Amino acid sequence: MVELSFNFDLFNNYYYFYERLIVLLFSLVPSLLLVGFVLYTDRKRKEPSKNIIICLLSGILTVALAGYLEELVMPYFSNNVILTYVWAFIEEISKILIFFLFIFDNKHYDDIYDGLVYMCLISLSFAGLENIIYAFSESTVQNGISLALMRDFTTVPLHVICGIVIGYFISLGNFSKDKTKKHLNFLYAILIATFIHGTFNVLMSVLGSLNIDYSSQIIVLFMQVIPLVLIMVILFVVAVKFIRKTIYYDKIYESNGDYDDKHNYLMTSSEYDLSNLRKIRIKRYNKITLKKIKEKDDTNV
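Residues numbered from 1 in each chain as written. Predicted model: local features only at pLDDT ≥ 70, side-chain atom pairs only at ≥ 80, totals over all residues. Heavy atoms only, no water.

As recorded in an unreviewed UniProt entry, the chain goes by PrsW family intramembrane metalloprotease and comes from Candidatus Aphodocola excrementigallinarum.

Structure below.
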């Protein structure tokens, strides 16, 4: 969200153990449920446990990196709207960096749908940890649970949707036979995700800054609840659109079919298997595996 100042102390004296546990559950369970759903959609072509674990632990790196960079750039932007988009860019680029560091050159990243799976897991790791930090920054358990619930239905889905968008475009870039298209799709991944993320945060700030009478349920309904529901519905429609497009092109990829004219630059699975990209990844994977075996043998000796 927009507010970044918090005093995070999971073990402070104001929380009993069961209170910490309750706040933790409200903060983390929705993200874990979505992780389970994402993995379920990919059950027929399961990703390696090692890759999944890396993605699920990546939030530690992405949240730390994003938080550091956001504090670093804050003094250089006086306009709050611009700063909001800059922070959105930083958060999304932090997640993309993890993808490129640990997943992009992995030999198991071998179909278009994988990009969506991995980026969703990375995004959920970020969202889950961020949720915990914000919830425990509140001074009371009630406030912590309220904030966690609000973020469960707003910010967590936002991060997933941005992950879907990034995963879609990164896969189009990864399986591109055209270098220009490859770089353009990578650029679309960060720019479109940043636009969605930044616009959402700006709208949330506007809704939160409205001077309304909270004693009137009608005013709250029309000034905050309905606009928030509309925003989330629009995000849901965007997510469904990109999921369908990912599945559609993945089916063509797997069946070695024909793409439409706009996407005829994409490889099919047969073309990818014969490509230099695939050969490089296999070679790198075998090199790393042999190195680990050799280190293990040396240790046993």
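**A few points about the packing of helix α5 (residues 112-136) against helix α7 (residues 155-174)**
In plain terms, the rule: Simply put, an axis is a line fit to the C-alpha atoms, just over the touching stretch for a helix, and the angle between two N-to-C directions goes from 0 to 180 degrees. The helix count covers DSSP runs of H or I at least four residues long, the strand count covers runs of E at least two residues long, and both are numbered beginning at the N terminus. Oblique is the label for every angle not falling under 35 degrees (roughly parallel), over 145 degrees (roughly antiparallel), or within 65 to 115 degrees (roughly perpendicular). Each crossing is labelled by how the near helix is turned from the far one, with a counterclockwise turn of less than a right angle marking it left-handed and a clockwise turn marking it right-handed. Contacts are residue-level and defined by heavy atoms, with any inter-residue pair within 4.5 Å sufficient. Under this grouping Gly is polar, as are all residues other than the nonpolar Ala, Val, Leu, Ile, Met, Phe, Trp, Tyr, Cys and Pro and the charged Asp, Glu, Lys and Arg.
At a minimum axis separation of 7 Å, α5 and α7 run at an interaxial angle of 150°. Taken together, α5 and α7 sit at an angle that is classed as roughly antiparallel. Two packed elements cross with a definite hand, and for α5 against α7 that hand is right-handed. Contacts between α5 and α7 involve Ile-112, Gly-115, Leu-116, Met-119, Cys-120, Ser-123, Leu-124, Phe-126, Ala-127, Glu-130 and Asn-131 on the former and, on the latter, Thr-155, Val-156, His-159, Val-160, Gly-163, Ile-164, Ile-166, Gly-167 and Ser-171. Grouping the amino acids of the contact of α5 with α7 by side-chain chemistry returns eleven nonpolar, eight polar and one charged.

**Describing the layout of surface pockets**
Here is the rule we go by: Definitions used throughout: a 1 Å grid over protein atoms alone; a cavity as a set of points that fits a 1.4 Å probe which cannot get out; a pocket as an open set with protein on both sides within 12 Å along at least five of seven lines; a lining residue as one with an atom within 4 Å of a point. Grid points are joined across faces, edges and corners, and a volume is the space filled by probe spheres set on the points.
Here the largest pocket is characterised by a volume of approximately 710 Å³. The wall of the largest pocket is formed by 24 residues, among which Phe-37, Thr-41, Tyr-113, Leu-116 and Ile-243 lie closest to the centre. Looking at the lining of the largest pocket, the elements that each hand over two or more residues are α1 (17-41), α5, α7 and α9 (217-255). The element contributing the most residues to the lining of the largest pocket is α9, with nine residues. When its residues are assigned to classes, the lining of the largest pocket shows 16 nonpolar, one polar and seven charged.

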